[in-house]
Amino acid sequence: MPFTVPRVACEYVIPAPRMVDPRVLRLTRCFTLPAGEGDPPRTLILAAHPDDETIGVGGMFPRLDGALTILHVTDGAPRYRRQWGRQEFRDWDEYAGQRLREVHCALAVAGVDASVCRRMEVMDSEVSLNMVPVTRRLMEIFDELRPEVVITHPYEGGHTDHDATAFAARAACTLLAREGSTAPALMEFTSYHNEGGDKVVNRFLPFDGAPVTDVPLSAEEKDMKRRMYDCFYTQGGVLRDMPVRIERFRPAPVYDFRQAPHPGRLRYERYPLGIRGKHWRQLAADAAEHLELDRAW
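It should be emphasised that the depicted structure is a prediction, and the values quoted were computed from it without experimental measurement.

Explain the overall build of the protein chain here, please?
Broken down by element type, the protein chain carries eight helices and nine strands. Considering only contacts within the protein chain whose residues lie at least 6 apart along the sequence, 78% involve residues at least 24 apart. As presented, the protein chain carries roughly 13700 Å² of accessible surface, and 51% of it is formed by carbon and sulfur atoms.

I tried to follow the side chain of D256 on my own but got confused; where do I start?
Turning to its location among the elements, D256 is positioned in the loop between strand 9 (246-251) and helix 8 (277-290). A distance of 3.0 Å separates the side chain of D256 from the backbone nitrogen of R258, its partner in a polar contact.

Looking at this structure, I do not really get the nonpolar core. What am I missing?
Within the largest apolar cluster, 40 residues are counted, with the highest numbers of intra-cluster contacts made by L138 and F167. Residue assignment for this core shows that the elements contributing at least two residues are strand 1 (43-47), strand 2 (68-78), strand 3 (117-124), helix 4 (131-145), helix 5 (160-178) and helix 8. Considering every element that reaches this core, the biggest residue donor is helix 5, with 10 residues. For L138, the contacting residues outside a window of four places in its chain are L46, L71, M120, A168, A169 and A172. If you look at the next biggest cluster of nonpolar residues, it comprises 35 residues, including M60, V116, F189 and M242.

How do you make sense of the sheet that holds strand 5 (residues 185-189) when you look at a structure like this?
Hydrogen bonds between backbone atoms are what pair the strands of a sheet, whose relative direction is either parallel or antiparallel. Here seven strands make up an open sheet; going across it, the order is 3-2-1-4-5-9-8 and the pairing mixed. Looking along the sheet, the strands with just one partner apiece sit at the ends: strand 3 and strand 8 (213-216). Across the sheet, the axes of successive neighbouring strands diverge by a mean angle of 25°, strand direction being ignored. Pairing of strand 8 with strand 9, which is carried by four bridges, proceeds in the antiparallel orientation. Along strand 9, the bridge assignment pairs D214 with R248. Where helix 3 (residues 92-109) meets the sheet, it contacts strand 2 and strand 3, and its direction lies at approximately 150° from that of strand 2.

Would you take a moment to explain the state of the cysteines for this structure?
Among covalent bonds in proteins, the disulfide is the one between the sulfur atoms of two cysteines. Applying the stated criterion across every chain, the model contains one disulfide. The disulfide that involves C105 links it to C231, with 2.2 Å between the sulfurs. Taking the torsion about the sulfur-sulfur bond, which here is approximately -55°, the covalent link between C105 and C231 counts as left-handed. With C105 in helix 3 and C231 in the loop between helix 6 (219-230) and helix 7 (236-239), this residue pair connects regions lying 126 residues apart in the sequence. Classification of C105 as partly exposed rests on a relative accessible area of 35%.

Whenever I open this one, the packing of helix 5 against helix 8 confuses me. Can you help?
Helix-helix packing is described using two parameters, namely the angle between the two axes and the distance between the axes. Contact geometry of helix 5 with helix 8 gives a least axis separation of 11 Å together with a crossing angle of 20°. Compared by their axis directions, helix 5 and helix 8 come out roughly parallel. The handedness of the crossing between helix 5 and helix 8 is right-handed. For the pair helix 5 and helix 8, the contacting residues are T160, D163, A164 and F167 in the first and W280, A284, A287 and A288 in the second. For the contact of helix 5 with helix 8, a count of residues per class yields six nonpolar, one polar and one charged.

When you look at the environment of A260 in this model, what are you seeing that I'm missing?
Position of A260 relative to the elements: it lies in the loop between strand 9 and helix 8. Owing to a relative accessible area of 23%, A260 belongs among the partly exposed residues under this scheme. Note: C-alpha distance between A260 and E156 (104 residues apart in sequence) is 8.4 Å.

Any chance you could explain unusual backbone geometry here in plain terms?
Its identity as a non-glycine residue notwithstanding, D51 has a phi of 125°, on the positive side. Here D51 shows up in the loop between strand 1 and helix 2 (52-57). Positive phi outside glycine occurs at E121, with the angle close to 65°. Along the polypeptide, E121 turns up in strand 3.

Which parts of the structure should I look at to understand the packing of aromatic side chains?
The description of two aromatic rings rests on the distance between their centres and on the angle between their planes. Per the stated rule, a full pass over the model turns up seven aromatic pairs. An aromatic cluster of at least three residues, connected via ring pairs, comprises Y155, F167, Y255, F257 and W280. Of note, K199 hangs over the ring of Y192, and the distance from its end group to the ring centre comes to 4.5 Å.

What am I meant to see in helix 5 here?
An α-helix turns once every 3.6 residues. As a result, residues three or four positions apart point the same way. Given a rise of 1.5 Å per residue, 19 residues ought to cover 27 Å, and the 27 Å separating the end C-alpha atoms of helix 5 matches this to within 8%. Of all the 19 residues making up helix 5, 17 are buried; the element is thus mostly covered by neighbouring parts of the structure. The positive-phi residue at the C-terminal boundary of helix 5 is G180, with phi of around 90°.

Help me understand the side chain of D75 in this model?
Structurally, D75 is set in strand 2. Looking at D75, its side chain comes within polar contact range of the main-chain nitrogen of A77, at 3.0 Å. Residues contacting D75, with those up to four places away along its chain left out, are P50, W92, A96, R99, R119, E121, V122 and D124.

Rules and cut-offs
- Residues numbered from 1 in each chain as written.
- Predicted model: local features only at pLDDT ≥ 70, side-chain atom pairs only at ≥ 80, totals over all residues.
- Heavy atoms only, no water.
- Helix = DSSP H or I, 4+ residues; strand = E, 2+ residues; numbered from the N terminus.
- Contact = heavy atoms within 4.5 Å.
- Areas by Shrake-Rupley, 256 points an atom, 1.4 Å probe, with all protein chains shown as cover.
- Polar contact = N/O pair within 3.5 Å; in protein donor to acceptor, adjacent residues only side chain to side chain.
- Core = buried A, V, L, I, M, F, W, Y, C linked by side-chain atoms within 4.5 Å.
- Buried < 20%, exposed > 50% of the residue type's maximum accessible area, 1.4 Å probe, protein only.
- Pairing = 2+ DSSP bridges.
- Axes fitted to C-alpha atoms, helices over the stretch in contact; angles between N-to-C directions.
- Disulfide = S-S within 2.5 Å.
- Parallel < 35°, antiparallel > 145°, perpendicular 65-115°, else oblique.
- Left-handed = near helix turned anticlockwise from the far one by under 90°.
- Nonpolar A, V, L, I, M, F, W, Y, C, P; charged D, E, K, R; others polar.
- Phe/Tyr/Trp six-rings, centres within 6.5 Å; stacked < 30°, edge-to-face > 60°.
- Lys NZ or Arg CZ within 6 Å of the ring centre and 35° of its normal.
- Expected span 1.5 Å × (residues − 1).

See below:
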């Protein structure tokens, strides 16, 4: 009898029991209930760049009121001027300052105080070169803030900083648990990846074992998110491709960062200054070895 094999991408994950952390279920329930009816756990949005948090979770900000912290790994300012979203800024500091103002503007649109924002100030596009210190710093921040859930990027080959942030989040949680501390549960928001040469946005690379929750935004939430996007003056070319109709979330898989996230060319390999996937995976393997993490971590 003919049957259809489900499309899954499991070659880059470590199989794990099909259990969803109750903290993740609580946050997911908060997202799916009408606004104001949920009781959100303490939530940290861990974003590689200023604007990633808005793309992935912006429509949910009002539902997280009082329970939200946003942490940016980078300040959004690459080392090389030709990688900046706009060229009229005099220097790197001025461009980084503009990226911060854009985030504060978007938070104001959502009715969220700018004080929820923190940043680690790693150079944009260089998180992959700093996975060990970023992991160590995340351990300190998780221990200080005690978030119940951390929402971050998936490992999908879209941007090296996204993938390195996913690595550091998982490594920090693993090391905290190994030390006997309570680690937060990990969730993911959508970013982007390559598929057949096309840029795929607002959709995860699929694999068996991590249920995806679709959260349709109301008309008011969609309007709010569009106005939040308008705040990112330097990122207009990126945000014009990003939809506002639905936000998607899932429990974070346990990835094998030594394996490519999907066959074929990765999205960041298409960038003129992008590193190759093989090089990135070697950096991840070296970081895991330095942190004394085994293959099944």
